[in-house]
Amino acid sequence: MKYSIEKITTLLGAQRYGTREASVSFLLTDSRSLCFPEETLFFALKTERNDGHQYVAELYRRGVRNFVLSSLPSEAFDDANFLIVADTLKALQQLAASHRAAFHVPVVGITGSNGKTMVKEWLCQLLEFRRTRNEEREARTEDGGTRSEERGTITRSPRSYNSQIGVPLSVWLLNEQTDIGVFEAGISLKGEMQALRDIIRPTIAVLTNLGAAHQENFSSIGEKCREKLVLFRDAETIVYCADDETISREVDAANFKGEHLAWSKLRKDVAMFVESIEKKSTQTAVKYIFKDSENQSFTIPFVDDASIANAIICATVSLHLGLSPSQISERMPQLEPVAMRLEVKEGRNGCVLINDSYNLDYNSLDIALDFMQRRGASSEGFKQGKEWLENHCKTLILSDIQQSGLAPEQLYKDVSELVKKRGVAKFIGIGTELCQHSNLFDFPEKYFFKTTEQFVASSAFQSLRNEVILLKGARLFGFEKITDLLVEKVHETTLEVNLKAVVENLNHYRSQLKPDTKLVCMIKADAYGAGAVEIAKTLQDHRVDYLAVAVADEGVTLRKAGITANIMVMNPEMSSFKTLFDYYLEPEIYSFRLLEALVAAAEREGITGWPVHIKIDTGMHRLGFETGEIDTLVHRLKRQMAVMPRSVFSHFVGADSDSFNDFSAIQFQRFDEASRRLQAAFDHKILRHIANSAGIEHFPDRQLDMCRLGIGLYGVNPLAEENSLSTVSSLKTTILQLRRVPAGDSVGYSRKTILQRDSVIGAIPIGYADGLFRQLGNRRGYCIVNGQRADYVGNICMDVAMIDVTDIDCREGDSVEIFGQQLPVSVVSEQVGTIPYEILTAVSNRVKRVYFQE
């Protein structure tokens, strides 16, 4: 839908400066995601760490002419519209709420601690076969005729767009073709849900469950439940689990007027009574009674409790929306796992694969294209980065889009324009509709095939070389065949790296900082094993102030990958000075010998004012100037012009333990006095920093100008017994072989493990050459197979380990978690008798890093 700038001005009650006639179709809050500047309205949002107003000039140069700001820019911009409001975020939400009010269709709003995205996607899988309202009318007017069932149009939140910003952007996607809206609403603080409820205005409100997420921001589980239930206000229908005592109690207390579609395994007096749940090896059968009707049942291809609960919720909502029990029974077995992540993998023939199997519609295509355009060669091992991307073809492999509500000609005309604006050079279309509308795609290279099988058998498939390939296909086209053929076949042991978790952890610590405190993110040791290039790209995307590496070569790798952020080198070597200058890397200076050598090298190059970071030893006794050497240091710095101190810092010895608090106080006093003496000698600002991940939270009064975020960024909280951070790295492998071994036989080298009973032993392709510690062998450690503990038996070998899976329902090819979400790295480190840092950094380079973004 398009809105005139005049109408938007009225809806927002804004003060308008500028007279340009304009229509707005797209809302933008992130300058990096611009695609259609001529129809874009940019909202300059302010956060603690960033201010969208600083990107107005850049966006104007790129063609944007419509802006919502809280104050006029100081620079004059001709022929632009500036809408001035008190609060740009509230204006964004207000515009989305007004847009929502124009639609009179069923809207499902989903909240809960977990399962929101799963329920949303499964609802779409179940409901997408509904006819549109127009088609229903047309079908009824045909004289006695019958029509095959057609898909309806569902507008849903892209990915996990459920925040104060994500929800209005999602609801803005409602259009004239929408038959049903399905939107997530996520909150982390008290008072947040009201704004989301006013935007979504759900006719059907769903609460999936209550969990521990964000509990630290609420005084009780009941308070958090009440906050989530704000979404239920004025909803025509509410869906929740009556077996959860907290939810049931709070729903009763709130006295909601809407129809209650509670589900329960215990109570027969609810709308959706679950009579029985029968789990088998690979599927679950659910028998239910809906609104006192006859007994019905459905089967899902999952056995975990979360999936079962989510399926029951989806059945309840779908039945309410008009699906019959027979349709539920037919479609539930076809539910597919929701791949809530966009994966980047190394492909054959020098290709990079960006595989986005999450969903396929116009909006998700735009998000995936934006990712490809902004991130480039994201896979670790493609260290050429930005330069590599610019010199290699960007290719889109796209299937028919089956649920848009638009006429195919208009849909694919819009798709062609979008794809071209996102810089795609080669287009490969798969499906009969794309074949029929191939004339709409004007690309230097384009190919069209009716089926995936035809494509993989073609010369176009065989000719894929040195390309960045985005795969975006609807489920029935089976694009996994393309992925399997294109992905470089590598070691089956992989390290999965969750980029969204990196951002969540970054934001967790940012929320602990004072508004003016800067942040250095440590990505030395290949980003604690996670892969420095991709982590650095993610951090740069989120505008961290500094990155820090151990040696100059690590910094060079980042620069060659297109990283432009400031990079600090913590352990510069005498032989690396030319490298530092060539790649603009800022060294730590910890001794007079290093200082004099660097100054001499800089002077030979004619360099002045090179930024350096002064390290002071306050008690670690590793590297650094003594506090008594500050005056001499000042004298030597002042007598030259080659380098200048950008920051001064030190290390706490034990910020992660109260037992060291007294010594930490002594360290801080020493650092405070020494750093102040250094600052007093210079007119320019010298940043002071001493706090690490633990220190940020343990000593908030010692955050100073900057803090250094290390292990916490990677999901390990050095302070909390229960880790509230998100898991970043998961080391996984597969079961190669299963064999039955009788009691009394031994397993592995040197017969170290003698079996006490008849056992089933699995061999997994990971050993100490991959970073699996030998200390874990002989039942001293374990891994996770299908959610259950499997002890390591026998000695860990170089390339293979053996595990006891006697009591576990598993098969060859099943996944094994060495550490990750189910088995935290901190638990593994305790088994070995070391620290999480060593476990993370020990993962060898032959283990492929697979990055994904949920």
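Draft legend 1. Quick look at the pairing of strand 11 (residues 204-207). Here strand 11 shows two buried faces, one formed by Ile204 and Val206 and the other by Ala205 and Leu207. In this structure, strand 8 (residues 107-111) lies alongside strand 11, joined through four bridges in parallel fashion. Of the residues in strand 11, the one forming a bridge with Gly109 is Ala205. Inspection of the sheet shows strand 11 paired to strand 12 (residues 237-241) by three bridges, in the parallel sense. Its bridge partner being in strand 12, Val206 is matched across the sheet by Val239.

Draft legend 2. Seen up close, the side chain of Thr284. Mapped onto the elements, Thr284 comes out in strand 15 (residues 284-290). Judged by relative accessible area, which is 0%, Thr284 ranks as buried. In this structure the side chain of Thr284 is engaged in a polar contact, spanning 2.5 Å, whose partner is the backbone oxygen of Phe302. Leave out the neighbours within four places in its chain, and Thr284 touches Ile277, Glu278, Lys279, Phe298, Thr299, Ile300, Phe302, Val303 and Ile308.

Draft legend 3. Broad picture of the pattern of salt bridges. Overall, the coordinates contain 39 salt bridges when judged by the stated rule. Asp631 serves as the salt-bridge partner of Arg677, at 3.6 Å between the closest nitrogen and oxygen. With Arg677 in helix 26 (residues 661-680) and Asp631 in helix 25 (residues 630-638), the pair connects residues that are 46 residues apart, well separated along the chain. We classify Arg677 as partly exposed; its relative accessible area is 35%. Three or more residues joined by partner-sharing salt bridges are found here, namely Lys120, Glu121, Arg156 and Glu184.

Draft legend 4. View of empty space enclosed by the protein. Enumeration over the complete set of coordinates arrives at three cavities of 30 Å³ or more. Together, Leu731, Gly771, Leu772, Phe773, Leu776, Ile818, Phe819, Val828 and Ile839 line the largest cavity. Considering only residue class, the lining of the largest cavity consists of eight nonpolar, one polar and no charged.

Draft legend 5. Quick look at the environment of Asn255. Along the chain, Asn255 turns up in the loop between helix 9 (245-254) and strand 13 (259-264). In the structure, Asn255 is positioned 414 residues away from Gln669 in sequence and 57 Å away in space, judged by C-alpha atoms.

Draft legend 6. How the structure looks around the pairing of strand 27 (residues 586-589). Burial of the side chains of strand 27 extends over both faces: Glu586 and Glu588 are buried on one face and Pro587 and Ile589 on the other. Handedness of the crossover joining strand 26 (residues 567-569) and strand 27 through helix 23 (residues 577-582) is recorded here as right-handed. At this point the chain moves from strand 27, through helix 24 (residues 592-604), to the parallel strand 28 (residues 610-617), and the crossover so formed is right-handed.

Draft legend 7. Region of interest: the packing of helix 19 (residues 499-510) against helix 21 (residues 532-541). One way to put it is that helix 19 packs onto helix 21 with a least axis distance of 10 Å and a crossing angle of 50 degrees. Looking at the two axes, helix 19 sits oblique to helix 21. Viewed along their axes, helix 19 and helix 21 form a crossing whose handedness is right-handed. Contacts from Leu499, Val502, Val503 and Leu506 in helix 19 reach Glu534, Ile535, Thr538 and Leu539 in helix 21. Grouping the constituent residues of the contact of helix 19 with helix 21 by class yields six nonpolar, one polar and one charged.

Draft legend 8. Region of interest: the sheet that holds strand 4 (residues 26-28). Strand order in the open sheet formed by five strands is 2-7-6-5-4, and the pairing between neighbours is mixed. Edge strands, defined here as strands with exactly one partner in the open sheet, are strand 2 (15-17) and strand 4. Strand-to-strand twist of the sheet, defined as the mean angle between neighbouring strand axes without regard to direction, takes the value 20 degrees. Where strand 2 meets strand 7 (residues 81-84), three bridges bridge the pair, whose relative direction is antiparallel. Its bridge partner lying in strand 7, Tyr17 is registered against Phe82. Running at roughly 10 degrees to strand 7, helix 1 (residues 5-12) makes contact with strand 2, strand 5 (40-43), strand 6 (66-69) and strand 7 of the sheet.

Draft legend 9. Spotlight on the packing of aromatic side chains. All chains considered together, the criterion is met by 23 aromatic pairs. The interplanar angle of 40 degrees and the centroid separation of 6.0 Å between the aromatic rings of Tyr528 and Tyr837 together place this pair among those described as tilted. Of the two residues, Tyr528 sits in helix 20 (residues 524-528) while Tyr837 sits in helix 29 (residues 836-841), which places them 309 residues apart along the sequence. Classification of Tyr528 as buried rests on a relative accessible area of 8%. Between Phe581 and Trp610, the aromatic rings sit 5.1 Å apart at their centres with planes inclined by 80 degrees, giving edge-to-face as the arrangement. In this pair, Phe581 sits in helix 23 while Trp610 sits in strand 28, placing the two residues 29 residues apart along the sequence. Phe581 sits in the buried class, given a relative accessible area of 10%. The rings of Phe42, Tyr60, Phe67, Phe77 and Phe82 are connected pair by pair, giving a single aromatic cluster. Here Lys420 stacks its cationic end above the ring of Phe443, 5.9 Å away from the centre of that ring. Positioned over the ring face of Phe682 is Lys638, at 4.9 Å from the centre of the ring.

Draft legend 10. Structural view of the sheet that holds strand 15. Taken in spatial order, the nine strands line up as 9-10-8-11-12-13-14-15-16 in an open sheet, and their pairing is mixed. A strand with exactly one partner marks an edge of an open sheet, and here the two such strands are strand 9 (154-156) and strand 16 (296-300). The sheet shows a mean angle of 20 degrees between the axes of neighbouring strands, taken without regard to direction.

Rules behind the numbers
Residues numbered from 1 in each chain as written. Predicted model: local features only at pLDDT ≥ 70, side-chain atom pairs only at ≥ 80, totals over all residues. Heavy atoms only, no water. Buried < 20%, exposed > 50% of the residue type's maximum accessible area, 1.4 Å probe, protein only. Helix = DSSP H or I, 4+ residues; strand = E, 2+ residues; numbered from the N terminus. Pairing = 2+ DSSP bridges. Polar contact = N/O pair within 3.5 Å; in protein donor to acceptor, adjacent residues only side chain to side chain. Contact = heavy atoms within 4.5 Å. Salt bridge = Lys/Arg side-chain N within 4 Å of Asp/Glu carboxyl O. 1 Å grid on protein atoms, 1.4 Å probe; cavity = no way out; pocket = protein on both sides within 12 Å on 5 of 7 lines; lining within 4 Å. Points joined across faces, edges and corners; volume = space filled by probe spheres on them. Nonpolar A, V, L, I, M, F, W, Y, C, P; charged D, E, K, R; others polar. Right-handed = clockwise from strand over helix to strand, strands pointing away. Axes fitted to C-alpha atoms, helices over the stretch in contact; angles between N-to-C directions. Parallel < 35°, antiparallel > 145°, perpendicular 65-115°, else oblique. Left-handed = near helix turned anticlockwise from the far one by under 90°. Phe/Tyr/Trp six-rings, centres within 6.5 Å; stacked < 30°, edge-to-face > 60°. Lys NZ or Arg CZ within 6 Å of the ring centre and 35° of its normal.

All we've got here are geometric facts, nothing functional implied.
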